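# Results of the structural survey
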Amino acid sequence: MATEKLWVPKLWDSWQRGGAAEATFAVMEMANDTAREGTQIWECFTPVEKYTAFMDEVVSLHGAHTMSHAQRCTYILFLINCFQSLENTAVRKICLKLVSLPLWHSVTPSRLRHELRNVPRLERHWNAVQRKREAELKAGKPATASPEPSFIPSLVTEFLKLLDSACTDASVDQEALTYCERFLEFMIDLLAQMPTRRFFHLYFADAHIHVRCRTSALARKLPPDSLFNQLLNLLLFYTDFEVNNFTGEALTAADMGQAHCERIEALQRVAFSTFPELRELALANIAAVETRPALLRHFERLSDDRLRLLAQQLHLVAEKPQAHETREFLAEVLVTYHIKRASQLDELNAEALFPTESWLWNEALIPAHAHYAGAAPLALPKLNLQFLTFHDYLLRNYTLFRLESAYEIREDVQNVVKRLNPRLGWNGSTEITGWSRMALPVRDFKITKVGKPLLGDMKPSQVLAEVRISLTDCRSPVIRGEWESIRQHDVLFLLQLQSKLPAGDKPDATLPFPQQWGVKYLRGCEVMETFDEQGNVFRDLEVVPQGDKRRTGTARTFRVWMDTAQYQHDVTDDGGAAAASYKTFNVVLRRKPKENNFKAVLETIRQLMNSEFVVPEWLHDIFLGYGVPDEQVLVQQVETMDFVDTFLSFDHVTASFPGKQVVVAESATSKPLEPPFMLSFPHKDKVVVTPFKAPHPGPYPQDVPNKNRVPFTPVQVAAIRSGLNEGLTMVVGPPGTGKTDVAVQIISNLYHTFPEQRTLLVTHSNTALNQLFDKIICLDIHERHLVRLGHGERELETTKDFSRRGRVNYMLQLRLNNLAEVERLGASLGVSMEMASVTCETAAHFYLLHVLSRWEKFLAIIKKLSPITPTCAQENFPFSKFFENAPQPLFISDFEKDMETARGCFRHLKRLFDELSECRAFELLRNMYDRSNYLVTKQAKIIAMTCTHAALKRHDLVGLEFKFDNIVMEESGQILEIETFIPMLLQKMDREGESKNRLKRVILIGDHNQLPPVVKNSALQKYGRLEQSLFTRFVRLGVPYFELDAQGRSRASIANLYNWRYQKLGNLPFVENTEEYHLANAGFAFDYQLVDVGDYEGKGESEPVPYFFQNLGEAEYIVQVYMYMRLLGYPREKITILTTYNGQKHLLRDVVQRRCASNPLIGEPRHISTVDKFQGQQNDYVLLSLVRTRIVGHLRDVRRLVVAMSRARLGLYVFCRASLFEHCYELRRVFAQLSRRPRALQLVEREPFPSHRKAEQPPPTPFAVCDVVHMSAIVSAALAAATAQARARQVQQQQQQQSLQARAIQMQKEKKLKELDKENDGVMDVDKEKGKEKEKEKEEGEEKENEEG
């Protein structure tokens, strides 16, 4: 296995036309294997001429070579892969010929004539085909010279023969069955794409392939839920799909009903004219004869010959009888053609949205392939390039998304039930002996309301129930908080566990999971509101403020909506046994909020299929995969654009349009040329630049707008320009190329250029949305026009609240602040305060009467003044007193500049009153709910949300008549196709006055070369292609896009590891000029390196449980290198450990916890994660573990490799089994570069972090690390030395501290002695003063006595 896929290029290079058939089969097997892994199939098939010759050989191989069943499977699977790759020009050219109009040579002549009469415009094309064929026959060419007419019929003929021989009374030939299943998949694919369906459908219907399959012995012998019969059902679904096979237009229910009536009427006409036995059928109404029993009852009256004659006159069979045309076959053909088909929409509406226990563990419904290998087809729709109609598009997504959600729910339920460990109690009851944080016991459950059915409906209008739990069952405050955070519209699951497993016994692994653990019933519900013990109601805290209300007690009651369709089934089926069991639910289960939005998405898809929705006409065809993308993505090009602050200087403008003539408009007078600029594009090679002076914003510092500081590259400027044009703009952003900056600048330019338009900003994750929002806040976009919907707003790096409630509070505070300013303005003008600041309405009157009038008077005075003096503007300006608090001097005795200042002051005042006019609605509306709805639907100009929130709230937003003009989607390469589509439909179709299609711009930003959306079920991911994003599909369709071509994340040497995947990815000047990118990594000889890791303790990769891959040797090696880096002084927050498998991630965390977490010198790294989870993030230094040692595994997906190589900025060290990965064909470009450096880790001694050595310079004394043990010894020695130094430093610090403490004590003693001395000196001074006073008194007494004497 070490040379896995080394043979791929050699096999293709050695193939020659006319060679052995085995060589051709080997190449087909190679292509099938490549497609099975999800990698590029046609990358090796070059040149095109050789591939064309190869396909000719493949087509001629059928019929000329006797194939085994295995070879037939290889052959048909290769054809499937070809027809699923029609975006490739060479493949499309060859494949579409095989299903083109000449295929109709195999159609029954009478049926063909009948079809041509129904579609007259095809008759001219058919006549041309006939003339061409006749010319070939006259020229002596055999009828089989061209493969178009005969290739598909020959495949069908072989399939039908094999179908008849695949089954005997005793057994079924499994190899033949596998081929038949593959062939059904092939026909489904042909019918599911309009380019292949257009001409194949008539041949398929005329050959009655579905009837032949349905009446075969194989179909009867296999159970109804077998794969073969499921594929037959899917084949029938696409056979009768509601679409015009020639125009591609979707057929409505009325159209389908009309076509059905026409078929019945044709049957009645023939019966009336030719078949007296069918007189009752001929005279009956249509409803009486459109069912299977009624049709069979009438056809029983005909003999075998008469029955065939009826089918012949209806153009359903040929004139010449065939061996397979038994009476049963003919009857089934007639019934299938005339029976009324059930409405797909009615069947969909009758389905329950929540899965049940019978649905979750039915492998015939939900693929159990956690790791699908592609050995057999599946009865699943595929998300490929094209769709028949929007109904088809929605239905495929609905089916696959529902199955994926059910699979994830099943995994969660199984995990929780195992943790709960239900056991049979001593009295026969079920005891929960375990514990799970995601589940709690149900204290009480009751149905509280069953609403009456709506008109024309069978199910109840609503079913309400109450579920009571106790939070005392939570083991920690954190878990209790998680249960308390359950809010409106969250989904819960109710389980009835009836375990028959005694305590101490192990469950029988051979039994289905419900029987092992006693899962009797499982039902889903949606939370409506929550009660506490006092009956206080708690709903959505984002909209409805709860004030100081606190939840009391530990008892909680959830009022929930049950699924009405499921409740109806439970009541009517099996005598209502399931409904009676509702009272015995004993466990309530919750799921993680981020993974629990399935109900909202499914409900939204179903609502869309039941209603009219608006898709812009310019996006309609390309969305379905048709048309010419170049002509549809640009609706209207703006010839003159205000680029606002996009350009930093005129030189920046010139550099942004290389190869074009950039000229300055003749009207430009300012020198030098300063931004902002107005750009005109008179033709594609010329750019006219018109600089203009931005108006004075106002006298206060806060009036000065924030400006862009990013020097956009030419490709970024082209993307920004395209974003301003109406239509579809796609931007491919390789790692580190600033696609977020491009998105933010497009939003800012739209905001300023089209101020009346509203822009919707959507991302996949809260992290990406917050990054965008943080940058938007920093630009010149007033925050009153911003709102962030959803609960991820708390993670914004700002103290401001941009939620709906926070924005409402902001508008109310803005109103108070502005009214206070108006009051101050009134005082400065000597106007009554009552008039000025009572309400927003009176403020508007005040503006007209006292502000605008004074301004107009001021302008009139200035206009009449003659001559103009330098101080006339200052002397006549009416609002000088109001602006006394502005930075002074306001005027500088320069008339022109003073007039500009005056205009800026008036703009400040006008902005003040404009804001008040926008606040007026918040003044009139009296509650938070109405105010927040007004904010979202009218006030905000930029509305940000995740695609999950869009699905959750679509019904509410559409009900509020939410509207927007532009949509910007970041991370669109990581969003499921349906989750990309739903945000585009968050508004109703306009019916009155406005255009139907309000949406003007769709801007998709992503990277199809990185990882796609996460799909956990491998079968749905690989076979159903659910992981294909809309962004990727558009790229495959050939929609033009802008690929950013300069990265600013990684040093140039690391960027070379992944830039080959892109057309022309270079480096930004920032990377080339910043010093840190040119310094070596301290302690390492190289900035990136491949480290070969051999077996550790005799073992490479391990698998403790299935698909839980670990590699202890790589884990120990990486942790030792991490410890080495920490000991050199690398900050732990700058180091990330990545791996490609979850099992290895958990092992790495265990090793780090054991060796590093408790050591203060080491600590834990910033991240230990998988490559998939770390997409969109970066760090300075990355240690990467590839884990596998037997096979390459899912790293063969080059998209995962690109993500892995592009996470590091300064240092990347890859630990793997080098001999395995360097021989993988898909990975050759990366590992060829990695292998140029030594495979043993090269270290540099005694080089602390940060290094001052240049990366280009060779290291002074590098040495090689032999293996994990050697690295461990190095780290142990370094750790011992570091520990000793730390201890020495600690002792020294303790001694210094003791010395300082002793010194402090000594100083305190000295201070006290000085204080005592001062006190003693003070006492002595007092005594001396007293002595002096006594002596003085004595002297005075003596003098007095002398005077008296």
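Scroll up to find the structure this text is about.
These notes cover the structure that comes with them. (Residues numbered from 1 in each chain as written. Predicted model: local features only at pLDDT ≥ 70, side-chain atom pairs only at ≥ 80, totals over all residues. Heavy atoms only, no water.)

## Quick look at the side chain of Arg-606
Just so we agree on the cut-off: Under the DSSP-based scheme used, a helix requires at least four consecutive residues in state H or I and a strand at least two consecutive residues in state E, with every element numbered from the N terminus. Relative accessibility under 20% of the residue-type maximum defines a buried residue, over 50% an exposed one, and the middle range a partly exposed one, all with a 1.4 Å probe and only protein chains included. Neither His nor the chain ends is counted toward charge; the positive residues are Lys and Arg and the negative residues Asp and Glu. By definition here, a salt bridge exists when the distance from a side-chain nitrogen of Lys or Arg to a carboxyl oxygen of Asp or Glu is within 4 Å. Contacts between residues were defined by any pair of non-hydrogen atoms, one from each residue, lying within 4.5 Å.
Mapped onto the elements, Arg-606 comes out in helix α27 (residues 598-609). At 5.4 Å, Glu-603 is the nearest oppositely charged side chain to Arg-606, a buried residue that forms no salt bridge. Excluding residues within four positions of it along the chain, Arg-606 makes contact with Leu-348, Asn-349, Glu-351, Leu-353 and Tyr-398.

## So, helix α46 (residues 1112-1128)
Stated precisely, the cut-off is as follows: One less than the residue count of a helix, multiplied by 1.5 Å, gives the span that helix is expected to have. Polar contact is the term for a pair of N or O atoms within 3.5 Å; when the atoms are in protein, one must be able to donate a hydrogen and the other to accept it, and sequence-neighboring residues count only if both atoms are side-chain atoms.
An ideal rise of 1.5 Å per residue puts 24 Å on 17 residues; α46 measures up with 24 Å between its terminal C-alpha atoms. Where burial is concerned, most of α46 is hidden: 15 out of the 17 residues are buried. Two to three positions downstream of the cap, the backbone nitrogen of Gly-1113 sits 3.2 Å from a side-chain oxygen, assigning the N-cap of α46 to Asn-1111. Gly-1129, located one to two residues past α46, shows a positive phi value of around 110 degrees.

## With respect to the sheet that holds strand β25 (residues 1088-1092)
Applied cut-off: Strands are labelled as partners when DSSP assigns at least two bridges between them. In this analysis an axis means a line fitted to C-alpha atoms, helices contributing only their contacting stretch, and an angle means the value between N-to-C directions, from 0 to 180 degrees.
Taken together, the five strands give an open sheet; going across it, the order is β25-β29-β28-β26-β27, and neighbouring strands pair in parallel fashion. Each having just a single partner strand, β25 and β27 (1167-1170) make up the two edges of the open sheet. Neighbouring strand axes in the sheet, compared pairwise and without regard to direction, differ in orientation by 20 degrees on average. Set on the sheet, α46 makes contact with β25, β26 (1135-1139), β28 (1179-1185) and β29 (1208-1216); between it and β28 the angle comes to about 155 degrees.

## Considerations on the environment of Val-851
By the secondary structure assignment, Val-851 is in helix α36 (residues 840-864). With relative accessibility at 0%, the residue Val-851 sits in the buried group. In sequence terms Val-851 and Gln-71 are 780 residues apart; their C-alpha atoms lie 88 Å from each other. Not counting residues within four places of it along the chain, the set of residues in contact with Val-851 comprises Leu-825, Phe-846, Phe-879, Phe-906, Leu-909 and Phe-913.

## Details of the packing of α36 against helix α38 (residues 895-924)
What counts is decided by this rule: By definition in this entry, angles of less than 35 degrees are roughly parallel, angles greater than 145 are roughly antiparallel, angles of 65 to 115 are roughly perpendicular, and the rest are oblique. Take the far helix as the reference: if the near one is turned anticlockwise from it by less than a right angle, the crossing is left-handed, and if turned clockwise, right-handed. Ten residues, namely Ala, Val, Leu, Ile, Met, Phe, Trp, Tyr, Cys and Pro, are considered nonpolar, four, namely Asp, Glu, Lys and Arg, are considered charged, and the remaining ones, Gly among them, are considered polar.
Relative orientation of the contacting elements α36 and α38 amounts to 165 degrees, with a least axis distance of 10 Å. Comparing the axis directions of α36 and α38 gives the class roughly antiparallel. Considering how the two elements wind past one another, α36 and α38 form a crossing that is left-handed. Only Phe-895, Met-899, Ala-902, Arg-903, Phe-906, Leu-909, Lys-910, Phe-913, Leu-916, Cys-919, Arg-920 and Glu-923 of α38 make contact with α36, whose side of the interface consists of Cys-840, Glu-841, Ala-843, Phe-846, Tyr-847, Val-851, Leu-852, Trp-855, Phe-858, Leu-859 and Ile-862. Split into classes, the residues belonging to the contact of α36 with α38 amount to 18 nonpolar, no polar and five charged.

## Observations concerning unusual backbone geometry
It is generally the case that most residues other than glycine have a negative phi and that most peptide bonds are trans. With an omega dihedral of 0 degrees, the bond running from Ser-866 to Pro-867 counts as a cis peptide bond. Of note, Pro-867 is situated in the loop between α36 and α37 (872-876). Here Gln-888 and Pro-889 are connected by a cis peptide whose omega angle stands at 0 degrees. Counting through the fold element by element, Pro-889 comes out in the loop between α37 and α38. Phi at His-208 takes a positive value of approximately 50 degrees, unusual for a residue other than glycine. Considering the arrangement of structural elements, one finds His-208 in the loop between α10 (194-207) and α11 (209-214). Classification of His-208 by relative accessible area gives buried; the value is 11%.

## What about the pattern of salt bridges?
Inspection of the entire model under this criterion finds 65 salt bridges. Between Arg-1036 and Glu-87 there is a salt bridge, with its nearest N and O atoms 3.0 Å apart. Of the two residues, Arg-1036 is situated in helix α43 (residues 1030-1037) and Glu-87 in the loop between α4 (69-83) and α5 (89-98); the sequence distance between them amounts to 949 residues. Among the salt bridges present, the one from Arg-402 reaches Glu-351, with a minimum N-O distance of 3.0 Å. Taken together, the residues Arg-402 in helix α22 (residues 390-420) and Glu-351 in the loop between α20 (344-349) and α21 (357-360) connect sequence positions 51 residues apart. For Glu-351, a relative accessible area of 28% translates into the label partly exposed.

## Here we look at the nonpolar core
Inclusion rule: We call a set of buried Ala, Val, Leu, Ile, Met, Phe, Trp, Tyr and Cys residues a nonpolar core when their side-chain atoms join them within 4.5 Å.
Formed by 225 residues in total, the largest nonpolar core has its most connected members in Trp-104 and Phe-981. Once residues lying within four places of it in the same chain are set aside, the contact partners of Trp-104 are Leu-112, Leu-116, Leu-122, Trp-126, Arg-198, Phe-199, Leu-202 and Phe-246. Judged by nonpolar contacts, the second largest core, of 42 residues, contains Phe-643, Val-653, Val-742 and Ala-743.

## Considerations on the packing of aromatic side chains
Just so we agree on the cut-off: Ring pairs are drawn from Phe, Tyr and Trp, using the six-membered ring of Trp, whenever the two centres fall within 6.5 Å, and their geometry is named by plane angle: stacked under 30 degrees, edge-to-face over 60, tilted for the rest. Whether a charge lies above a ring is judged from NZ of Lys or CZ of Arg, which has to be within 6 Å of the ring centre and within 35 degrees of the ring normal.
Summed over the entire model, instances satisfying the criterion amount to 66 aromatic pairs. Aromatic side chains Phe-1070 and Tyr-1077 sit 5.7 Å apart centroid to centroid with 80 degrees between the ring planes, which places their arrangement in the edge-to-face category. One residue, Arg-807, lies across the ring of Phe-802, its end atom 4.2 Å from the ring centre. Here Arg-807 stacks its cationic end above the ring of Tyr-810, 4.6 Å away from the centre of that ring.

## A short note on the environment of Met-945
Mapped onto the elements of the fold, Met-945 is located in strand β19 (residues 942-946). Overall, Met-945 belongs to the buried group, its relative accessible area being 0%. For the pair Met-945 and Gln-1293, spaced 348 residues apart in sequence, the C-alpha to C-alpha distance is 53 Å. Among residues more than four places away in sequence, those in contact with Met-945 are Leu-760, Leu-761, Val-762, Thr-763, Leu-769, Leu-789, Ala-950, Leu-957 and Leu-986.

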